[in-house]
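Single-letter residue listing:
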Amino acid sequence: MTDTDTRPAASVTGTGDSDATAPARRTGTESLPLGKAINAGLRQAMLDDPKVLMMGEDIGPLGGVFRVTEGLIQEFGDKRVLDTPLAESGIVGTAIGLAMRGYRPVIEIQFDGFIFPAFDQITTQLARMRNRHEGGVTMPVVIRVPYGGHIGSIEHHQESPEAYFAHTPGLRVVSPSTPNDAYWMIQQAIRSDDPVLFFEPKSRYWPKGVVDFDSQPTPLHATRVVRQGTDVTVVGHGAMVTTLLEAADIAAEEGTSLEVIDIRSISPLDYGPILSSVEKTGRLVVAQEASGFVSVGSEIAATVAERAFYLLQAPVLRVSSYDTPFPPAAVETQFLPSPDRVLEAVDRALAY
């Protein structure tokens, strides 16, 4: 697209053979892996709005490294599903220009650690553009980031950099933990007029869960209680929610009731359900795959200590990976938080 191109944004349409006969929104329920649920959400967003397009490395015929975009280029054509050069800064910069022209680009960062070449574009341009223009320019850009460990990979392929972006004003940062959330949240993120960092827990790409295509979705930035409990509140996001639920099952066998909370949105963060739960249990453990120093868990712990100090019966405790670079795959199970490490923190909280 050149400076003299005056086409309206909606003129970009798919060139796939099935455009004219594309089926309507899916209905009912279906058991899907999280990766396929995101694929379904992306497809629905592209059907709903011709201004939505996708860019990324190998997202076209290959369908992405994790096959999340599989089949979309065949349906919507290479004008809306674009394979890009290996240049993350260029991908984000192009997305900013497209957003300024009225499109809604969705870009994929192939692995979490590959986002850093685009850090300047994201934090100094994308995040600031709307404020710089006093709201006169919207930035409806979604950056999909497969992140986290548990896949036996190497450095730059298993990192959790979400705190960098949650720290940056102007960016929204979310992470689904279930296929149903993934399906709805990707569509909600695409409809946002602000840039959204959409962190996808790659270790959860394959386990299946029920997706309800007819349900009323939870608001994008709402925290949710996923398991009721009475003794200790445990909080996390992304793949860590599964670890917390496993810990809650073990604790229940030992007579301890854990309330599990999925924050879903890292920035902005909905503290209401967390504070209500702490009022009930008096104890809070915050868990994350990222390293602990200056992290999402640190922010939650500090905020709850400020806002619910007199409700707490014990200090807020944090469970995280260690403050080192991500290790070789052979020792990742020692590096990443496990149910046992969560339960050790629960025991310390209960001992006060």
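Residues numbered from 1 in each chain as written. Predicted model: local features only at pLDDT ≥ 70, side-chain atom pairs only at ≥ 80, totals over all residues. Heavy atoms only, no water.

**Student:** In this structure, what is going on with the packing of helix α8 (residues 240-253) against helix α12 (residues 339-350)? I would like to understand it.
**Tutor:** For any two helices packed against each other, the geometry is given by the interaxial angle and the distance between the axes. Between α8 and α12, whose axes approach to 9 Å, the crossing angle comes to 60°. By the angle between their axes, α8 is oblique relative to α12. Taken as a pair, α8 and α12 cross one another with a handedness that is right-handed. The segment α8 lies against α12, with T243, L244, E246, A247, I250 and A251 engaging P339, V342 and L343. In the contact of α8 with α12, the residues fall into seven nonpolar, one polar and one charged. (Axes fitted to C-alpha atoms, helices over the stretch in contact; angles between N-to-C directions. Helix = DSSP H or I, 4+ residues; strand = E, 2+ residues; numbered from the N terminus. Parallel < 35°, antiparallel > 145°, perpendicular 65-115°, else oblique. Left-handed = near helix turned anticlockwise from the far one by under 90°. Contact = heavy atoms within 4.5 Å. Nonpolar A, V, L, I, M, F, W, Y, C, P; charged D, E, K, R; others polar.)

**Student:** So what exactly am I meant to see when it comes to the sheet that holds strand β6 (residues 172-174) here?
**Tutor:** Sheet strands associate in pairs through backbone hydrogen bonding, adopting either a parallel or an antiparallel arrangement. Taken in spatial order, the seven strands of this open sheet run β3-β2-β4-β5-β7-β6-β12, and their pairing is mixed. The open sheet has two edge strands with one neighbour each: β3 (81-83) and β12 (265-267). Across the sheet, the axes of successive neighbouring strands diverge by a mean angle of 20°, strand direction being ignored. Looking at chain direction, strand β4 (residues 104-108) and strand β5 (residues 142-147) are connected through three bridges and run parallel. Along β5, the bridge assignment pairs I107 with I143. On the sheet, helix α3 (residues 88-100) packs against β2 (52-56), β4 and β5 and is oriented at approximately 170° with respect to β4. (Pairing = 2+ DSSP bridges.)

**Student:** Where do I start with the packing of aromatic side chains in this structure?
**Tutor:** With the rule as written, the count across this model stands at 15 aromatic pairs. Ring plane angle 85° and centroid distance 5.9 Å describe the contact between Y205 and W206, whose orientation is recorded as edge-to-face. Taking the relative accessible area as the measure of exposure, Y205 reaches 2% and is therefore buried. Ring geometry for F309 against Y310: centres 5.2 Å apart, planes inclined by 85°, an arrangement best described as edge-to-face. Judged by relative accessible area, F309 falls into the exposed class, the value being 52%. (Phe/Tyr/Trp six-rings, centres within 6.5 Å; stacked < 30°, edge-to-face > 60°. Buried < 20%, exposed > 50% of the residue type's maximum accessible area, 1.4 Å probe, protein only.)

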